Amino acid sequence: MTQAALDGIKVLDLSRVLAGPWCTQILADLGADVVKIERPGVGDDTRTWGPPFVKDANGNDSDQASYFTACNRNKRSVTIDMATPDGQALLKQMAAQADVVVENFKTGGLRQYGLDQETLRRANPRLIYCSVTGFGNDGPYAERAGYDLMIQAMTGMMSITGRPDGEPGGGPLRVGVALTDIFTGVYASTAILAALQVRHRTGEGQHIDMALLDVGMAILANQASAFLNTGKAPARQGNTHPSLAPYQDFPTLDGAMLLAIGNNGQFARFCEAAGQPGWASDARFATNTLRVKHRGVLIPMMEELTRTRTTADWVALLEDKAVPCGPINDIAQAFDDAQVKARGLAVTLPRDAGDGITAITGVASPLRLSATPPVLRRAPPVLGQHTREVLAELGIDAARFEALRASGVV
């Protein structure tokens, strides 16, 4: 069997909700042994963030929220009460054998348990310790809790998302998923992989300080660059693009479609296929900059034309013309798409943990490595499913385990 990319890497996951677990799921998909520590009897907050809930074998709602399953596959769940001395001792023992620790407690929150990065890295200098917080480990907001929605509002993401003021439905909107949390998880996994490479050279681990605020500002991308280099803050403009035209949704005979024309060649090919070749040579539309300038004239002309065909007809017409065009799907339609099916982007993992859930379906890893592809070994775990197994690997015998369980430590 081919080794996975991160075979042999041990990750102690002290995170919960989304940003940290998203990071550790990426590492787990790449083959790392991720041990997720959860509070006995309670677990990760998202286990109860429902509806919706995962269906059991009889098609009834279980008590497992589907939210949790989105970012916790391939992990082993261990319940330990870190507020107890015995729990702290177990976690310190695990950290001493780990390559990576990921946590998303408030800044300094783990110091009271002796699980802070200074303490754990002193005992294990090779340890890579990744902290995920709302605002980072320094600055005037360091002690504040941070949530994705708050960060989307603070960074200006909501100011550029939604329809313009004055239009029906105008006003700031959040992105439909917790984008800042997810990107923080992706950036954190990248930082951890970089730190592992540094450790190969130096033998030393390091501390990684990931902040939702920092990531939220970074993913403003071209919109941030536009402000920083012009002094003018971008505004909401619905589905149109500040720098490209036509690059938006268009009405069709039976609904709507999306055109994403990014250069003059694509525009010329669209015009030819649509029976309006003269638009491409029109002095108002000959270049992208001119099309952006005159979008108030161009877009109504195009909308009148796009309403004459169905979405499927437009997609078929433009498919072999190298003109980016597609339907505006809901999520059910997206998973029914032929390309999504061909890429195997919905994956079902069996689970036999005695809770009535026999399988859980999720989205496949988008990482496609030819020699060391992601591995799908475990469905998202039941709370504490692997506690006995993992503690046995630490040398905890049956009698000691039962004593820890009786005292509520595990």
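Before reading on, note that the structure itself is shown above.
What counts, and at which threshold
- Position numbers for residues count from 1 along each chain, tracking the sequence in the order it is written.
- Under the rules for a predicted model, residues below a pLDDT of 70 receive no local features and side-chain atom pairs below 80 are neither given nor counted, while totals for whole chains, interfaces and linings still include all residues.
- Derived side-chain values reflect all non-hydrogen atoms in the structure, with water molecules and hydrogen atoms excluded from consideration.
- Should DSSP find at least two bridges between two strands, the strands are regarded as paired.
- Helix and strand assignments come from DSSP, with helices taken as H or I runs of at least 4 residues and strands as E runs of at least 2, each series counted from the N terminus.
- Between the N-to-C directions of two axes lies an angle of 0 to 180 degrees, each axis being a line fitted to C-alpha atoms and, for a helix, fitted only over the stretch in contact.
- Two residues form a contact once any of their heavy atoms are found within 4.5 Å.
- For patch detection, residues must exceed 30% relative accessible area and be free of salt bridges, and they are connected within 9 Å for like charges or within 5 Å for nonpolar side chains (Val, Leu, Ile, Met, Phe, Trp, Tyr).
- Accessible surface area values rest on a Shrake-Rupley calculation with a 1.4 Å probe, where residue burial reflects the displayed protein chains alone.
- Throughout this description, the term salt bridge denotes a Lys or Arg side-chain nitrogen within 4 Å of a carboxyl oxygen of Asp or Glu.
- Partly exposed describes any residue whose relative accessible area lies between the buried limit of under 20% and the exposed limit of over 50%, with all areas from a 1.4 Å probe on protein chains only and scaled to the type maximum.
- A clockwise course of the path from the first strand over the helix to the second, judged with the strands pointing away from the viewer, identifies a crossover as right-handed.
- Here a polar contact is taken to be a pair of N or O atoms separated by no more than 3.5 Å, where protein atoms must pair a possible hydrogen donor with a possible acceptor and residues adjacent in sequence count only if both atoms sit in side chains.

## Let's talk about the sheet that holds strand S9 (residues 247-252)
Spatially, S9-S10-S11 is the arrangement adopted by the three strands of the open sheet, whose pairing is antiparallel. Every other strand in the sheet has two partners, leaving S9 and strand S11 (325-327) as the edge strands with one partner each. Mean inter-strand twist for the sheet, computed between neighbouring axes without regard to direction, equals 30 degrees. Against the sheet, helix H12 (residues 295-306) contacts S9 and strand S10 (255-260), and its axis sits at roughly 40 degrees relative to S9.

## Things to note about a nonpolar patch on the surface
A surface patch of nonpolar side chains, about 390 Å² in accessible area, is lined by Tyr141, Tyr147, Met150 and Met154. Mapped onto the fold, methionine 154 is located in helix H5 (residues 148-155). A relative accessible area of 38% places methionine 154 in the partly exposed class.

## Focus on the pairing of strand S2 (residues 33-38)
Here is the key point about a regular strand: its side chains alternate between the two faces of the sheet. Of all six residues in S2, five are buried; the element is thus mostly enclosed. Relative to S2, strand S1 (residues 10-14) runs parallel, the two being bridged by four bridges. Counted as the bridge partner of lysine 10 is aspartate 33 from S2. What joins S1 to S2 is helix H1 (residues 19-29), and the crossover it makes is right-handed. Alignment of S2 against strand S5 (residues 75-79), held across five bridges, turns out to be parallel. Residue valine 35 lies in a different strand from S5, and its bridge partner there is arginine 76.

## Observations concerning the pairing of S9
Of the strand pairs in this sheet, S9 and S10 are connected by six bridges, and their pairing is antiparallel. Its bridge partner being in S10, phenylalanine 250 is matched across the sheet by methionine 257. Linkage of S9 to S10, two consecutive antiparallel strands, is achieved through a turn of two residues.

## Topic: the sheet that holds strand S8 (residues 207-211)
If you trace the six strands from one edge of the open sheet to the other, you get S5-S2-S1-S6-S7-S8, paired in parallel fashion. Two strands close off the open sheet at either side, each with one partner strand: S5 and S8. Direction aside, the axes of adjacent strands within the sheet are offset by 20 degrees on average. Together, S1, S2 and strand S6 (100-103) form the strand contacts of helix H3 (residues 85-97), whose direction differs from that of S1 by roughly 145 degrees.

## Brief notes about the side chain of serine 131
Along the chain, serine 131 turns up in strand S7 (residues 128-133). Among the polar contacts listed, one links the side chain of serine 131 to the side chain of glutamate 103, at a separation of 2.8 Å. One polar contact links serine 131 to histidine 207, side chain to side chain, over a distance of 2.9 Å. Apart from the residues lying within four places of it in its own chain, the contact partners of serine 131 are Glu103, Asn137, His207, Ile208, Asp209 and Met210.

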